[in-house]
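Structural description and commentary
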Amino acid sequence: MSNPSTVSNESIAPSDPEAKLLREYSDRIRRSLKGPAQFLSFWIAIALPFIHLPLLAQGLGDPTVTLTFVVLLAINVLALYAGHGYNN
């Protein structure tokens, strides 16, 4: 009887050297962009509340101001999420 938990060599796909190089290249690019992206996101998250304050002081009665405030708030939340690991 054969053991059903063993894996035959037929189920393992042959490795593609070009795919491996492409994956390593994309990983290297992702790692090199992570630091600057976190830096930029961190500082955007710090600066955006200073733009919120004049909008709040003006009041949110105008639909354009309200929409601008909500969009900036959403961008701030995304920047906080993306930049939370900066300088760790």
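Structural notes, computed from the coordinates. The structure presented is a predicted model; accordingly, all values stated were derived computationally and were not measured. (Residues numbered from 1 in each chain as written. Predicted model: local features only at pLDDT ≥ 70, side-chain atom pairs only at ≥ 80, totals over all residues. Heavy atoms only, no water.)

**Structural notes on the overall build of the protein chain**
Operational definition: In this description a helix means any DSSP run of H or I spanning at least four residues, a strand means any run of E spanning at least two, and both kinds are numbered starting from the N terminus. Under the scheme applied here, a residue whose accessible area is under 20% of the maximum for its type counts as buried, over 50% as exposed, and between as partly exposed, the area being computed with a 1.4 Å probe on protein chains only. A 1.4 Å probe and the Shrake-Rupley method give the accessible areas. Residues count as covered only by the protein chains that appear here.
Along the protein chain, the regular secondary structure elements total 2 helices and 0 strands. The burial tally for the protein chain puts 14% of its 88 residues in the buried class. Surface exposure of the protein chain reaches about 7400 Å², of which carbon and sulfur atoms provide 67%.

**Quick notes on the nonpolar core**
What counts here: Residues enter a nonpolar core if they are buried and are Ala, Val, Leu, Ile, Met, Phe, Trp, Tyr or Cys, with the set joined through side-chain atoms within 4.5 Å. Working rule for contacts: check all heavy atoms of both residues, and any pair within 4.5 Å makes them a contact.
Membership of the largest hydrophobic core is limited to 5 residues, which are L48, L55, V65, F69 and L72. Among the elements of the structure, α1 (17-58) and α2 (63-83) are those that each provide at least two residues to this core. For this core, the element with the highest residue contribution is α2, accounting for 3 residues. Once you skip the residues sitting within four places of it in the chain, L72 turns out to touch L48, I51, H52 and L55.

**Let's talk about the packing of aromatic side chains**
To be explicit about the condition: Pairing of aromatic side chains here covers Phe, Tyr and the six-membered ring of Trp, requires ring centres within 6.5 Å, and sorts the geometry by plane angle: under 30 degrees stacked, over 60 edge-to-face, intermediate tilted.
Taken as a whole and judged by the stated rule, the model has 1 aromatic pair. Where F42 meets W43, the ring centres are 5.0 Å apart and the plane angle is 85 degrees; that geometry is what we call edge-to-face. Judged by its relative accessible area of 28%, F42 is partly exposed.

**Quick look at α2**
Stated formally: Here the expected span of a helix is defined as 1.5 Å times the quantity of residues minus one.
Relative to the 30 Å expected for 21 residues at 1.5 Å per residue, α2 spans 30 Å between its end C-alpha atoms, a close match to the ideal helical length. Residues of α2 that are buried make contact with α1.

**So, the packing of α1 against α2**
We count it as follows: Fitted lines through C-alpha atoms give the axes, limited to the stretch in contact for helices. The angle between two N-to-C directions lies from 0 to 180 degrees. For classification, angles of less than 35 degrees are called roughly parallel, those exceeding 145 degrees roughly antiparallel, those between 65 and 115 degrees roughly perpendicular, and all remaining angles oblique. Note: crossing handedness is left-handed where the near helix turns anticlockwise from the far helix by less than a right angle, and right-handed where it turns clockwise. Ten residues, namely Ala, Val, Leu, Ile, Met, Phe, Trp, Tyr, Cys and Pro, are considered nonpolar, four, namely Asp, Glu, Lys and Arg, are considered charged, and the remaining ones, Gly among them, are considered polar.
Axis separation between α1 and α2 bottoms out at 8 Å; the angle between their running directions is 155 degrees. One way to sum up the angle between α1 and α2 is to call them roughly antiparallel. Both α1 and α2 take part in a crossing whose hand is left-handed. Residues Q38, S41, F42, I44, A45, L48, P49, I51, H52, L55, L56 and Q58 of α1 form the contact with α2, whose participating residues are V65, T68, F69, L72, L73, I75, N76, A79, L80, A82 and G83. Class assignment of the residues belonging to the contact of α1 with α2 gives a composition of 16 nonpolar, 7 polar and no charged.

**Some words on the side chain of N76**
Mapped onto the elements, N76 comes out in helix α2. Accessibility expressed as a relative area gives 7% for N76, which makes it buried. Aside from chain neighbours lying at most four places away, what touches N76 is A45, L48, P49 and H52.

**Focus on the pattern of salt bridges**
Formally: Should a side-chain nitrogen of Lys or Arg be within 4 Å of a carboxyl oxygen of Asp or Glu, the pair is scored as a salt bridge.
Using the criterion set out here, one finds 1 salt bridge in the structure. The shortest N-O distance in the salt bridge between R30 and D27 comes to 2.8 Å. Of this pair, R30 and D27 both sit in helix α1, 3 residues apart, roughly one helical turn.

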